[in-house]
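So the chains spell out like this:
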Amino acid sequence: MDLLPPGPSRPKHHRQAPLDVSKLHEQALSVLQHNDLGQSTRPAPHLYPHQWLWDSCFIAIGLRHVDIHRAKTELLSLLRGQWDSGMIPHEIFAPNSTYHAGKKVWRSHQIEGSPKGVHTSGITQPPMIAEAVVRVGEKLGLKERRAFYEQMYSGLVHFHQWLYRERDPHNTGLVTLIHSHETGMDNTPYWTRVIRPAAPVRVRALQGIGQEGLLDYLRKDKKAADNPTERLSSVDIHTMYHIITQIRRKDYDLASLLALPYASPNVPLLQDVFFNAILIRANTHLRAIALALGKTLPDDLQLAINKAPHAFETLFANGNYWSRNLRNDELIQEPTIAGFLALYAGTIPPAHAHILAQTLQRPTYWATYGIASVPTDSLYFGAHRYWQGPVWVNTNWLIADGLERYGYTDLASKLRQQTIQLVAKHGMYEYFSPIDGSCAGTHDFSWTAALVIDMLEREYPKGRVAQLAKKFRAATRPRVPAAV
Ligand code: 2M8
């Protein structure tokens with residue numbers, strides 16, 4: 001595959017098969033309708049019954065085309081989970097729903113400053129919220145946009161301040177993650193590498209006698225999964241639970257965790273490349289929101305925002321961007337999709353963007369349906385193994401956006417169209433094989449549906465979305481409260 005030169009040319013159509021746009025819209029809307037919880041949307045019916053931070057952001061980006069009121073509510077409802085510190089948690093638990101790592105695991109109510117009346121996790125997730133606010137804002141008239149920005153502004157500022165204040169205590173310009181769930185890519189290999197030495201004693205003992213298979217019986221997530229072999233390994237999930245226990249005992253506080261010496265089974269801490277790239281982009285959006293409101297961001301935040309793009313460049317080595325292990329200051333040069341998010345950050349030098357655009361076109365990353373979460377020549381690769389190989393619709397969306405920002409318009413359009421084709425052919429699944437597109441993970445997955453709507457709007461703007469939107473609103477409206 002050749003690198004297409006940057007340029008303002010109109011996107012060409014890369015359709016592989018005739019596409020029934022209306023049918024796909026209809027299917028996507030029915031997934032969102034089915035997963036609608038009133039003021040938020042669950043990612044999937046069985047496996048993920050609560051509200052997740054970045055899922056809701058992607059969902060709002062799709063919903064804005066069909067129900068702007070509901071899109072606003074999706075984002076506003078995230079603020080009900082915000083902690084006094086400013087943290088927006090990665091999960092807000094819906095009442096009466098079972099989940100393998102639910103409120104009893106996180107115990108947010110025991111931590112000072114957690115919100116009253118809702119149970120949440122104690123960690124965050126990629127800060128996509130400013131992006132989603134701006135995307136929803138694009139669909140509003142000036143007056144309504146400002147009113148919506150006003151509703152979101154202080155929560156957003158508070159969140160970004162928390163990220164830099166609490167998660168970058170040494171003012172490096174890069175924030176640190178305390179659990180792999182914060183990156184959104186739970187078992188991505190660069191996290192798996194640092195997690196495995198932190199496995200609890202019971203897990204290592206079973207591994208020692210070749211009996212780790214017994215751990216399968218103690219898993220709760222497998223019951224809710226369509227095909228349990230397509231999730232993370234039992235060793236990894238038990239280690240992740242163990243790390244949750246440890247960070248909970250330290251009130252989910254990075255400063256306390258930093259005080260622990262680095263020896264197994266302590267907690268891995270990473271300056272995560274994927275998360276920081278998204279944060280840099282979110283900072284740009286936050287600035288735009290402040291500008292639209294005639295406000296000035298607080299000085300501490302301005303300083304951090306200015307520093308971040310320079311600090312991000314320290315993650316560049318050997319033609320890609322990597323996460324840094326804070327425990328030993330080393331870059332973890334393990335090939336995954338994460339470094340391509342540097343394109344989405346939008347602040348890297350064009351020469352680096354050029355290298356990334358070339359790398360992602362290698363057939364090991366991009367076969368037919370977009371970018372594999374792990375290249376096919378990696379030892380970690382499994383075509384259906386969660387964040388260790390499959391193509392995900394949200395990462396295709398993010399990378400297409402990043403490519404476009406650097407002028408690779410045609411490549412971005414090709415990526416979006418292939419993603420649409422993939423979902424049209426295989427369904428609204430959670431993830432897909434990068435080799436043959438076959439579907440995996442859970443069915444009726446909300447961000448797949450929402451982002452397909454967004455990509456259809458972009459690539460096939462003459463679709464029947466307005467008509468279908470009317471139907472959608474009629475079906476969901478009675479369950480949506482007037483305000484959050
Ligand atoms: C997955 O993560 C959750 C834990 O947060 C899980 O495995 O149960 C990830 O794919 C994450 O990125 C996503 O937000 C979440 C819900 O879709 O599921």
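Above: the structure in question.
Residues numbered from 1 in each chain as written. Predicted model: local features only at pLDDT ≥ 70, side-chain atom pairs only at ≥ 80, totals over all residues. Heavy atoms only, no water.

Caption draft 1: Inspection of the sheet that holds strand 3 (residues 270-271) at higher detail. Across the sheet, 3 strands lie side by side as 3-6-7; this open sheet has antiparallel pairing. Of all strands in the sheet, those bounded by a partner on one side alone are strand 3 and strand 7 (330-332). As paired strands, strand 6 (residues 323-325) and strand 7 are joined by 3 bridges and run antiparallel to one another. Paired with R324 across the two strands is L331, which belongs to strand 7. (Pairing = 2+ DSSP bridges. Helix = DSSP H or I, 4+ residues; strand = E, 2+ residues; numbered from the N terminus.)

Caption draft 2: A look at the site of the ligand. Surveying the vicinity of the ligand reveals 19 residues, the closest of which are D55, Y99, G184, D186 and Y386. W54 has a polar side-chain atom sitting 3.0 Å from an oxygen atom of the ligand. Backbone polar atom of G184 to an oxygen atom of the ligand: 2.5 Å apart, as the coordinates give it. In isolation the ligand exposes 410 Å². Once the protein is present, 100% of that is buried. Per-class residue counts for the shell around the ligand are 10 nonpolar, 5 polar and 4 charged. (Near = heavy atom within 4 Å. Polar contact = N/O pair within 3.5 Å; in protein donor to acceptor, adjacent residues only side chain to side chain. Areas by Shrake-Rupley, 256 points an atom, 1.4 Å probe, with all protein chains shown as cover. Nonpolar A, V, L, I, M, F, W, Y, C, P; charged D, E, K, R; others polar.)

Caption draft 3: Main features of a nonpolar patch on the surface. There is a patch of nonpolar side chains on the surface, built from L214, Y217 and L218 and spanning about 390 Å² of accessible area. Relative to the helices and strands, L218 resides in the loop between helix 8 (201-208) and helix 9 (221-224). Accessibility expressed as a relative area gives 58% for L218, which makes it exposed. (Patch = residues over 30% accessible without salt bridge, like charges linked within 9 Å, V, L, I, M, F, W, Y side chains within 5 Å. Salt bridge = Lys/Arg side-chain N within 4 Å of Asp/Glu carboxyl O. Buried < 20%, exposed > 50% of the residue type's maximum accessible area, 1.4 Å probe, protein only.)

Caption draft 4: Representation of the packing of helix 2 (residues 53-63) against helix 5 (residues 129-137) in the model. Following both chains from N to C, one finds helix 2 and helix 5 inclined at 10 degrees, their axes separated by 9 Å at the closest point. When the axis of helix 2 is compared with that of helix 5, the two are roughly parallel. Listed contacts from helix 5 to C57, A60 and I61 of helix 2 are I129, E131, A132, R135 and V136. Among the residues forming the contact of helix 2 with helix 5, the class breakdown is 6 nonpolar, no polar and 2 charged. (Axes fitted to C-alpha atoms, helices over the stretch in contact; angles between N-to-C directions. Parallel < 35°, antiparallel > 145°, perpendicular 65-115°, else oblique. Contact = heavy atoms within 4.5 Å.)

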